[in-house]
Structure formats: structure tokens, C-alpha cells
Amino acid sequence: MKTMKRFAALLLVVVLMAAMLVVPANAAGGTITINNPVSGISYNLYKIFDLTTNGAGGYIYKVTSAWKDFIVSYGGFTVADDNTVTFVETNFDDAAEKAAFAKAVQDRASKAPVIAADQTIVGAGSSIEFTVDDGYYVVGSSLKVEAMSFTVPDNTGNGNVSKASKVTLPTLDKYVGVTTPDQSTISSSVGATYKYKISLKVADIATQDYVLVDTPAAGISGPQNASQISIQVGGVDVNSSNYTLTFDATDKDKFTLTFNKDYITSLNVATEIVITYSAALNNGAAAENKNAVILNWDSVEGKKTAETTVKTYKFDVTKVTKVDGSTNPLAGAKFSLYTDSSCTNVINLTENGTTYTVCFDELCPHTSDHVTEITTTATGKFVINGLGNGTYYLKETAAPDGYNLPVNPVTTVTINNADGASFEITNTAGNMFPETGGIGTTLFYTIGGIMVLAAVVFIVTRRRMIEE
Ligand SMILES: [Zn+2]
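Residues numbered from 1 in each chain as written. Predicted model: local features only at pLDDT ≥ 70, side-chain atom pairs only at ≥ 80, totals over all residues.

### So, the overall build of the protein chain
Here comes step 1: Within the protein chain, the secondary structure is distributed over five helices and 33 strands.
Here comes step 2: Buried residues in the protein chain amount to 28% of all 468 residues.
Here comes step 3: Contacts in the protein chain between residues at least 24 apart in sequence constitute 70% of all its contacts with a sequence separation of at least 6. (Helix = DSSP H or I, 4+ residues; strand = E, 2+ residues; numbered from the N terminus. Buried ≥ 20, exposed ≤ 12 C-beta atoms within 10 Å, placed from the backbone. Contact = placed C-beta atoms within 7 Å.)

### What to know about the sheet that holds strand S10 (residues 160–164)
Here comes step 1: The three strands are arranged S7-S1-S10 in an open sheet whose pairing can be described as mixed. Either end of the sheet is taken by a strand with one partner, and the two such strands are strand S7 (127–132) and S10. Across the sheet, the axes of successive neighbouring strands diverge by a mean angle of 15°, strand direction being ignored.
Here comes step 2: Relative to S10, strand S1 (residues 30–35) is paired through five bridges, and the arrangement is parallel. Paired with Asn35 across the strands is Ala164, a residue of S10. (Pairing = 2+ DSSP bridges. Axes fitted to C-alpha atoms, helices over the stretch in contact; angles between N-to-C directions.)

### Examining the environment of Glu89
Here comes step 1: Counting through the fold element by element, Glu89 comes out in the loop between strand S5 (85–87) and helix H3 (95–110).
Here comes step 2: Residue classification places Glu89 among the exposed residues on the basis of 8 C-beta atoms within 10 Å.
Here comes step 3: Linking Glu89 and Gly76, residues 13 residues apart in sequence, is a C-alpha distance of 8.2 Å.

### Remarks on the sheet that holds strand S25 (residues 334–338)
Here comes step 1: The four strands lie next to each other as S28-S25-S30-S32, forming an open sheet whose pairing is antiparallel. On the outer flanks of this sheet lie strand S28 (374–375) and strand S32 (410–415), each paired with one strand and no other.
Here comes step 2: The pairing of strand S30 (residues 390–398) with S32 spans six bridges and is classified as antiparallel. Within the sheet, the bridge partner assigned to Leu394 lies in S32 and is Thr411.

### What to know about the nonpolar core
Here comes step 1: Residues Tyr194, Tyr210, Leu212, Leu337 and Val358 are the most contacted members of the largest nonpolar core, which totals 58 residues.
Here comes step 2: With five residues, strand S20 (residues 272–281) is the single largest residue contributor to this core.
Here comes step 3: Tyr210 has contacts with Phe259, Ile264, Leu295 and Trp297, leaving out every residue within four places of it along the chain. (Core = buried A, V, L, I, M, F, W, Y, C linked by C-beta atoms within 7 Å.)

### Some thoughts on unusual backbone geometry
Here comes step 1: Of note, the amide linkage connecting Ala112 to Pro113 takes the cis form, showing an omega dihedral of -10°.
Here comes step 2: Tracing the backbone through its elements, the reader meets Pro113 in the loop between H3 and strand S6 (119–122).
Here comes step 3: The residue after Val152, namely Pro153, is reached through a cis peptide bond having omega -5°.
Here comes step 4: Structurally, Pro153 is set in the loop between strand S9 (148–152) and S10.
Here comes step 5: One non-glycine residue, Ala270, lies in the positive phi region at around 70°.
Here comes step 6: A residue is classified by how many C-beta atoms lie within 10 Å of it, and Ala270, with 12 of them, is exposed.
Here comes step 7: With a phi angle near 50°, Asp324 is a residue other than glycine that sits in the positive phi range.
Here comes step 8: If you trace the backbone, Asp324 turns up in the loop between strand S23 (313–323) and strand S24 (326–329).

### Side note on the pairing of strand S16 (residues 229–233)
The two faces of a sheet get side chains in turn, since along a regular strand they alternate between them.
Here comes step 1: As paired strands, S16 and S20 are joined by five bridges and run antiparallel to one another. Its bridge partner lying in S20, Ile231 is registered against Ile275.
Here comes step 2: As paired strands, S16 and strand S17 (residues 236–237) are joined by two bridges and run antiparallel to one another. For Gln232, the partnering residue across the bridge sits in S17 and is Asp237.
Here comes step 3: Counting the residues that bridge the hairpin from S16 to S17 gives two residues, and of these Gly234 lies at a positive phi of roughly 60°.

By themselves, these figures tell us nothing about what the structure is for.
In C-alpha cells form, the structure reads like this:
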């Protein structure tokens, strides 16, 4: 035990001597860690004061040359000729005053003449770390909304210090659906209405107005006036004094919705603003029709996008006749497309050569040029596009002169997240009785034949009976 105590005492002396040798030489330094950083934005580190100890446990702050003018003008500091700073402690004794100082540093850094950051790290992952020497630092970001101050080492002598960023960014999502807009991709037939929903959750900051720009593809007919767009928070319409809504002069389906900065900052963090409207594909629709919305919410960092897709599908038909083993295209056959198997609800079409685009009538921009009948040309081929998922019925309403309708003139077309089949529909030549009437005719002759036979038997039998 005695040996142990003696050794411990000796060790203490050695440690103290070592400490005296190191102090006040500047420093061990350390690290400044920002936890939960906002991904992708720049974090800027500014060194405001150099920090040394005076050998007696006291600290000496000296303002860095870059920040001297600012510190002199900020108030609360006295700066000596050797840049040593003393400060009125009551001006910095609570969190609000320290935060205000850090914010003032950040604001000053970006104003002319700009004061360059000593280090910059782009936010990524769960934390970022600056390696620093002893000093007093402010870390701001390119968002310019949150500034944090650090002393290295802190007042417990720890050189590795950290704080968590509390900034939340706005979120932007867009959905689409036939009745409930909750998908990113759907299919829809041209002219059939469906719905869009934009979900915007506000951040705890707003450095400017929030500007939403909604841009539908050319194949999408969207709202063209304010009455066609619902803007709500918690199911209640947002008062129109809180935003402006404008429609593009040339692309009339494109709109810009600007929420006032004051309105955004009045909302609780993560409050959801819901924007809904109906739309339909027009006959400019492509296989994929995208609708993107962009939110500009900060002049430096703030741009978010969300996108939905509405798809259409097609199927194609070749009308042929088969002669001596060869297949020949057939002109002059007539077809119509229906939504029901009994072929009573005909679907309107717009015609472009041998390509026909369906047009459901709920939101149709071109009623004047509809057709309901397709007549095959010399190639026998045609395409019907603009279809959403569903089952459709293509009926051959008339065969070309000299040809017979098929036994079953209705072809069932199924669209299920892919283009439909390529159908080859055959007519046979000749002047036979229509096959659909064939059974009846044959039956008639058969019954007729039996009756004639029965009559003969009856007559013969009767004669025999008379003769007997
Ligand atoms: Zn139409």
C-alpha cells in the first residue's frame, strides 16, 4: 500500500509538471460536431475569437482580424490594441442573447464585403465534424436560419463539442388517383377525369414566400381557373388573402401558387397544406404523361420537386381474309368500340390517319371532331390508343362487300398496365348464309324434312288402313 501511495503521489507531480509545460501554449483544439445536419446544404464555420489561457486558469479572447470591425460595432465588447476582448457578461448571459449574436455573425458574413468562412462542410449523414484549434466559433448554414456558437474547449475543458441542428425543411409530395389521389402512377383513358393532390408540409422557417409551380405535360388538361383548385388546411379552405394563384398566359393548365411568407410562418411546423384538383388527358396524351410540381421556398437552397405519371395504353387490329393459305389485308370493314359487352355504350374516337384515340366525354376538349366508326383502309390495320386500364369491346359492325361477318363479331380487349394484344380479325368471302343464322336455317330445313317425311308416312299408313 505504501508503495502504491508513493507511486500515485509521484504520478500526480509528473502530471502537474506536464500540465505546466503545456499551458499556456495554444492548444489542443478539438472538434465541433453538428448532429442531424440538413442534407445538401453548406455549413460555414467562422472563427470569431482566438482563445488562450493565461496560465492561471483564466482565458484570453482575441478577436480575429476578419471579425474585428464587426465586434467593435456590435456593442458589449471592448477591444484592446492587441485585439484582446473583454465583454459585458450581462449582454451574453442567456441563450437568446448568444443566439442573437450568432445570428448577427451569420448575417454579417454574407453581406458586402463578404467575410469568408474558415471552413465549409456540406451536410450529409447523421453528423458533420469540423476540426478546429481553440477558439470561439459560429457555425451558420447557407439556409441562413440557424446559427450556433461554440467555445473550444468548453467550460469543462472538453475540446470536442457538439450541437444538433433543429432545422426542418418543407416536404412536397404529389399524388394522383381516379377517385382517391394516393398513387404516384395511374392509367387513365383520354377524356376521363381523375384527381391530383399536392401535399406541402411547412418548415419551421420561411425566408421568403413559398412558390409552387405546377406544370402538366401537354397531354394533360388541368384546371384553368381558381374555382377548380381546392386549397385547404385541416379540411378548411385557406383564406385567399394568404396566397395568390395565377395561370400561365400560354400554357393555360400551368399554375403558380404563392403562399405569403407571413402566412407560412404563422403555421405550426409540419402543417400540411393540401391542394387538390381534377384533370383529364386530352388527345395530345402520350404513353406517359407527367405532371411535376416545384416548390421554391428559399432563394439559396430551397427547391423541391414532386412528380406523378398518368399512362395510356393501346391495341392494334389487322383486318384480313385468308385465301389459299395466304393472308391478305382487307379494306372496308367497319368497327366501333364499346365499354359494355352488349355493345350499347359506344366510345367516341378522334381520328388521325389509321390511329384512333379514345375520348371519354367527362372532360373532352374536342367534341366537334369525334367519330364512332372506324373503316379499315387497304392495309387493314388500325390502332386505338389513349386507353386506361379496363375491358373494352370492339365490334365489327359491317364486313366489306362480298365478305361475311365473323361468327362472333365482338372482340374483348383487356388493358391491364400494358398495351393490349395485336388482334388479327378474319373475314371469309362468299355469299353463304350468315353463320349466325345458320343453325336456324338448318333447323328449319331439318324440321321441314321431318314434317314432309311424317306426312308421307301418315298418308301411306292411312291408305293402308283404308285398304284394310
Ligand atoms: Zn373528345
